[in-house]
Amino acid sequence: MEARKNILSAIQPTGDIHLGNYFGAVKNWVQLQADYNCAFGVVNYHSMTVPYKSAQLQERTWRMAFLLMACGIEAESIFLQSLIPEHTELSWILACNCSYGELQRMTQFKDKTDQLKETDKEAFISAGLYLYPVLQAADILMYHADYVPVGKDQEQHLELSRNIAQRFNHLFGKPYFKHPEPLFTELPKVLSTADPSRKMSKSLGEKHYISLLAEDARVQKQIRSAVTDTGESASNEMSAGVKNLFELLKACGNMDAHEELLADYQKGELKYVALKDAVSTAIINEITPIRERFNEINSQKKIYKQMLQESSATIRKRAQQTLYEVKEICGLPKLKLK
Ligand code: TRP
């Protein structure tokens, strides 16, 4: 049997997972575990690239790892980035194999810089923000990832990782790093229910996202007030808001209700209340077990923190092996591996 392919992906500890992250990423990760050798990082070093509060980062890092476990990611595949110092070490070595100009072309750097300056003209733009994509390349190349399941917004970062790998291999005359490919699965794109012209996102504000930990009443309220018709489009095409509700129903796997309600829509007989009721019921069914698992984990923090320390330590062994080999290739003295 051929060895399993490696998958690596990561998420920043934002403190919350919403339906957009869940259906658009994490749920897919859970399914990939069956067929691939997976590692999933909670990348807290990436979260330090913009201004943040230390107590909050600490709490959110654990919380994100707990949330991943509650969603069904195995503890053994989760690591906390800051517990594996090799990430920053490899990041330096890769930075020396990446050109200044290449980083200047990163659109996410430009976007984030603009965003920061929008709120504060004299905003502090850290060198870390500039080097962000190199640290990401280190996350990916460290574990010899064959595939990286990410959204389209990460395409440029992934291309940079491939370029760095290629340059490194060429420079040292050895095909050491793999060329990681993005894994774009057709996944639901969940929009804000309050403004279906935008992606569901935490940064837009409370009414724009539904948390995985939302209580039933909150889900019902948010779906009930979801925008259906904005009244702008004169065409008889389905509005973005209604499409989003159908998309959510499908994402929850409620195909029977989806089919029935879509038939009603096509006959011009759909009552939005019926659609909304079906959607909130489907969401509640999907997220209730996750919330229950999360509460269970969160009530035994000590045990689960210990588990994550151990999984990070085990995954770190792979990172140490990589650094050992990389140092050999780059002409750096190495410490003996234990
Ligand atoms: N930049 C990614 C994001 O914002 C997060 C990330 C960091 C990542 N390192 C990674 C994603 C490695 C995939 C692989 O979503």
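It should be noted that the structure appears before, not after, this text.
Note that the structure is predicted; figures quoted are calculated from it, not measured.

> Explanation requested: the overall build of the protein chain in the structure shown.
Of the regular secondary structure elements, the protein chain holds 13 helices and 5 strands. The C-alpha atoms of the protein chain give 22 Å as radius of gyration, which agrees with the globular expectation for 338 residues (20 Å, within 12%). The dimensions of the protein chain, computed from C-alpha atoms along their principal axes, are 70 × 45 × 45 Å. Here the protein chain holds 338 residues, and the buried ones make up 47% of them. In the protein chain, 76% of the contacts between residues at least 6 apart in sequence involve partners at least 24 apart. For the protein chain, the exposed surface amounts to about 18,000 Å²; the carbon and sulfur share of it is 50%. Charge centroids of the protein chain, computed over 41 positive and 41 negative side chains, lie 6 Å from each other.

> I'm lost on the site of the ligand in this one. Help?
Around the ligand, the structure places Leu8, Ser9, Ala10, Val43, His46, Tyr132, Gln136, Asp139, Ile140, Val148, Val150 and Gln154. Between the ligand and the protein, one listed contact pairs a nitrogen atom with a side-chain N or O atom of Tyr132 at 2.7 Å. One of the side-chain nitrogen or oxygen atoms of Gln154 is found 3.1 Å away from a nitrogen atom of the ligand. Its free accessible area being 370 Å², the ligand has 86% of it covered by the protein chains. If you list the elements that add at least two residues to the shell around the ligand, you get strand 1 (6–11) and helix 7 (127–142). The element best represented in the shell around the ligand is helix 7, accounting for 4 residues. By residue class, the composition of the shell around the ligand is 7 nonpolar, 4 polar and 1 charged.

> What is the right way to read unusual backbone geometry from this model?
Most peptide bonds take the trans form, and the phi angle of most residues other than glycine is negative. At His144, a residue that is not glycine, the phi angle is positive and equals roughly 50 degrees. Note that His144 resides in the loop between helix 7 and strand 4 (147–148).

> For this particular structure, what's the right way to read the packing of aromatic side chains?
Here the distance between the centres and the angle between the planes together describe a pair of aromatic rings. Enumeration according to the criterion identifies 10 aromatic pairs in this entry. Feature note: the residues Phe168, Phe172, Tyr176 and Phe177 constitute an aromatic cluster, connected by ring pairs. Here the basic side chain of Lys152 rests over the ring of Phe184, its NZ or CZ set 4.1 Å away from the ring centre. For Lys334, the ring lying beneath its charged end belongs to Tyr324, and the centroid distance is 5.2 Å.

> What's the story with helix 9 (residues 216–224) in this structure? I'm lost.
An α-helix turns once per 3.6 residues; consequently, residues spaced three or four apart project the same way. Within the span of helix 9, buried status applies to Val219, Gln222 and Ile223. The buried residues of helix 9 occupy an angular sector of 95 degrees when projected down its axis, which confines them to one face. Facing away from the buried side of helix 9 by more than 90 degrees, the exposed set consists of Ala217, Lys221 and Arg224. On its buried face, helix 9 sits against helix 10 (240–251) and helix 12 (272–298).

> Got a minute to help me understand the nonpolar core in this structure?
Most often, soluble globular proteins have nonpolar side chains that are buried together. Judged by nonpolar contacts, the single largest core of 59 residues is most densely connected at Ile17, Leu19, Val26, Leu68, Leu275 and Ile283. The residues contacting Leu275, other than those within four sequence positions of it, are Val242, Leu245, Phe246, Leu249, Leu261 and Leu270. In terms of nonpolar packing, the next biggest core, distinct from the first, is built from 37 residues, Ile93, Leu116, Tyr130 and Ile329 among them.

> I would appreciate a short explanation of the pattern of salt bridges in the present structure.
Side chains bearing opposite charge may pair, as long as their charged atoms lie close to each other. All chains considered together, the criterion is met by 7 salt bridges. Among the ionic pairs, Glu89 bridges to Lys327, the shortest N-O distance being 2.7 Å. Placement of the pair is Glu89 in helix 4 (residues 86–95) and Lys327 in helix 13 (residues 301–330), with a sequence separation of 238 residues. One salt bridge in this structure joins Arg291 and Asp216, with 3.7 Å as the shortest N-O distance. Here the residue Arg291 occupies a position in helix 12, and Asp216 occupies one in helix 9, the gap between them amounting to 75 residues.

> Would you explain the pairing of strand 1 in this entry?
The side chains of a regular strand alternate, residue by residue, between the two faces of the sheet. In terms of burial, strand 1 is a largely internal element, 5 of the 6 residues being buried. Of the crossover connections in this fold, the one passing from strand 1 over helix 1 (residues 19–32) to the parallel strand 2 (residues 37–42) is right-handed.

Definitions and cut-offs
Residues numbered from 1 in each chain as written. Predicted model: local features only at pLDDT ≥ 70, side-chain atom pairs only at ≥ 80, totals over all residues. Heavy atoms only, no water. Helix = DSSP H or I, 4+ residues; strand = E, 2+ residues; numbered from the N terminus. Rg over C-alpha atoms; globule rule 2.2 N^0.38 Å. Buried < 20%, exposed > 50% of the residue type's maximum accessible area, 1.4 Å probe, protein only. Contact = heavy atoms within 4.5 Å. Areas by Shrake-Rupley, 256 points an atom, 1.4 Å probe, with all protein chains shown as cover. Lys, Arg positive; Asp, Glu negative; His and termini not counted. Charge placed at Lys NZ, Arg CZ, Asp CG, Glu CD. Near = heavy atom within 4 Å. Polar contact = N/O pair within 3.5 Å; in protein donor to acceptor, adjacent residues only side chain to side chain. Nonpolar A, V, L, I, M, F, W, Y, C, P; charged D, E, K, R; others polar. Phe/Tyr/Trp six-rings, centres within 6.5 Å; stacked < 30°, edge-to-face > 60°. Lys NZ or Arg CZ within 6 Å of the ring centre and 35° of its normal. Arc of directions from axis to C-beta. Core = buried A, V, L, I, M, F, W, Y, C linked by side-chain atoms within 4.5 Å. Salt bridge = Lys/Arg side-chain N within 4 Å of Asp/Glu carboxyl O. Right-handed = clockwise from strand over helix to strand, strands pointing away.

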